[in-house]
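Summary of the model geometry
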Amino acid sequence: MDGGLKALEAVLAIARRGSFRAAALDLGMSTTALSHSIARLEASLGVRLFNRTTRSVSLSDAGRAFVARIGPAVTVIRTAMETAQSQGTTPSGLLRINASVQAGREVAPLVLAFLRRHPRMQVDLVTEGRLVDIVAEGFDLGLRPADLVPRDMIALPVGRPQRHAVVASPDWIAAHGTPLTPADLPPAECIRVRLPNGALLRWPFQRGAEVVQIEAQGRLTLDEAAIARAAVLDGAGIGFFIEQDVADDIAAGRMVRLLADWTPPRARFSLYYPDRRNPSAGFSAFLAMVRDVGRA
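A quick note: this is a predicted structure, and the numbers were derived from the prediction, not measured.

**Details of the sheet that holds strand 6 (residues 154-158)**
Spatially, 5 strands are ordered 4-3-5-14-6 in an open sheet, and the strand pairing comes out mixed. The strands lining the two open edges of the sheet, one partner per strand, are strand 4 (121-127) and strand 6. Averaged over all neighbouring strand pairs, the angle between strand axes comes to 25°, with direction disregarded. With 4 bridges joining them, strand 5 (residues 141-145) and strand 14 (residues 269-273) adopt antiparallel strand pairing. What sits directly across from Gly142, in strand 14, is Tyr272.

**Structural notes on helix 2 (residues 20-27)**
For helix 2, every residue scored as buried is listed here: Phe20, Ala22, Ala23 and Ala24. Where helix 2 starts, the residue carrying a side-chain oxygen 3.2 Å from the main-chain nitrogen of Arg21 turns out to be Ser19. A positive backbone phi angle near 70° is found at Gly28, which sits one or two residues after helix 2.

**Points about unusual backbone geometry**
Of note in the backbone geometry, Leu259 takes a positive phi value of approximately 55° without being a glycine. For Leu259, the position within the fold is in the loop between strand 13 (256-258) and strand 14. With relative accessibility at 6%, the residue Leu259 sits in the buried group.

**A short note on the pattern of salt bridges**
In a structure, side chains of opposite charge can pair up when their charged atoms sit close to one another. By the definition in use, this model includes 13 salt bridges. Asp26 is the salt-bridge partner of Arg17, the closest N and O atoms lying 3.0 Å from each other. Classification of Arg17 by relative accessible area gives partly exposed; the value is 37%. Note that Arg130 and Glu137 form a salt bridge whose closest N and O atoms lie 3.0 Å from each other. In this structure Arg130 comes out as partly exposed when scored by relative accessible area, which is 38%.

**Some details on the packing of aromatic side chains**
Applying the stated criterion across every chain, the model contains 5 aromatic pairs. Consider the rings of Phe205 and Phe240, whose centres lie 6.0 Å apart with planes at 90°: the pair is edge-to-face. On the criterion of sequence distance, the pair formed by Phe205 in strand 9 (residues 202-207) and Phe240 in strand 12 (residues 239-242) is long-range, its members being 35 residues apart. Both residues of the pair, Phe205 and Phe240, count as buried. An aromatic cluster of three or more residues is present, and its members are Trp203, Phe205 and Phe240.

**Points about the nonpolar core**
Grouped together as the largest cluster of nonpolar side chains are 23 residues, with contacts concentrated most on Leu141, Leu143, Leu271 and Phe286. Mapped onto this core, the elements with two or more residues apiece are strand 3 (93-99), helix 5 (101-117), strand 5, strand 6, strand 14 and helix 9 (281-295). Among the elements that make up this core, the one with the highest residue count is helix 9 (6 residues). Beyond its immediate stretch of four places on either side in the chain, Phe286 contacts Leu95, Ile97, Val107, Leu110, Val111, Phe114, Leu141 and Leu271. With 21 residues, the next largest nonpolar core counts Val11, Ile14, Leu34 and Leu59 among its residues.

**Brief notes about the pairing of strand 3**
Here strand 3 lies mainly inside the structure; 5 of its 7 residues are buried. Pairing geometry for strand 3 and strand 4, over 7 bridges, is parallel. Considered in strand 4, the bridge of Arg96 is made with Asp124. As a crossover connection, the stretch from strand 3 through helix 5 into strand 4 is right-handed. Where strand 3 meets strand 5, 3 bridges bridge the pair, whose relative direction is parallel. Across the sheet, residue Ile97 finds its bridge partner in strand 5, namely Leu141.

**Thoughts on the environment of Leu41**
Its place among the elements puts Leu41 in helix 3 (residues 31-45). On the basis of relative accessibility, which here comes to 13%, the residue Leu41 falls in the buried class. Counting along the chain gives 30 residues from Leu41 to Val11, while the straight-line C-alpha distance between them is 9.3 Å. In this structure, Leu41 is in contact with Ala7, Val11, Leu49 and Phe66, ignoring residues within four places of it in sequence.

**A look at the sheet that holds strand 12**
Overall, antiparallel pairing links the 3 strands, which are arranged 12-7-13 in an open sheet. Only two strands of the sheet have a single neighbouring strand rather than two, namely strand 12 and strand 13. Taking each pair of neighbouring strands and ignoring which way they run, the sheet shows an average axis angle of 45°. As defined by bridge partners, strand 7 (residues 164-168) adjoins strand 12 across 4 bridges and the pair is classed as antiparallel. Note that in strand 12 the partner of Val167 across the bridge is Gly239.

Basis of the calculations
Residues numbered from 1 in each chain as written. Predicted model: local features only at pLDDT ≥ 70, side-chain atom pairs only at ≥ 80, totals over all residues. Heavy atoms only, no water. Pairing = 2+ DSSP bridges. Helix = DSSP H or I, 4+ residues; strand = E, 2+ residues; numbered from the N terminus. Axes fitted to C-alpha atoms, helices over the stretch in contact; angles between N-to-C directions. Buried < 20%, exposed > 50% of the residue type's maximum accessible area, 1.4 Å probe, protein only. Polar contact = N/O pair within 3.5 Å; in protein donor to acceptor, adjacent residues only side chain to side chain. Salt bridge = Lys/Arg side-chain N within 4 Å of Asp/Glu carboxyl O. Phe/Tyr/Trp six-rings, centres within 6.5 Å; stacked < 30°, edge-to-face > 60°. Core = buried A, V, L, I, M, F, W, Y, C linked by side-chain atoms within 4.5 Å. Contact = heavy atoms within 4.5 Å. Right-handed = clockwise from strand over helix to strand, strands pointing away.

Written out as structure tokens, the structure is:
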């Protein structure tokens, strides 16, 4: 990618992330080098693209107009470059994947196997709680629970079937007793879970044909599994997790699993992407590996 296109990619990354530091990390360069690149571009244009303070970065009026015009153009150029790369038989280049933390853990072994098989490939795996527009934010692939995949995306199942786990600390159980059905759960003792879209999770339960949803009403609301795990271990209440996040705690007796017969297996994670007419060789190779693992 030549210097001019790199500068345009840099502008889009800063506009997307709202931070020189975060954009520099995304682009694999130093913050100083990124600042110099933007300064050179602004000097050549004769206009300031960003308003900078010690605490924030925002687009100027000229910068907003510039980003609106170059965004589609850069996408076209990037697609053209990927199309050219796809003519080669050896996968090479960068593959960017956005995933939830749990999904990232699930796909990590596959990514490592892919890099061993294709030494000219690079993978940038970004894990975060929020559900992003992978096209707008420059990702090739997304990885989320199947029910969160946008409808206009092509999806492939990845990893093992998942289960939920409802848990509490032994001290909480000693003080409150053991709930035997969802109706026994005290809502005020249930830690609320905020989903990536901002909504609060209604805890789903199922046993046979019976389906129940519980609305947690605890005083603590969290969107990060690691913090929720620490809260449960501290006796703050009952937690609702993906099983793999607390499996070691259950096995070690640090947590007590509740209502196991009400948490059946759920859909696997899905790897998703927009339709591509001319995918790169690396993109196609990764999808082929996902399909092979799924058939195994």
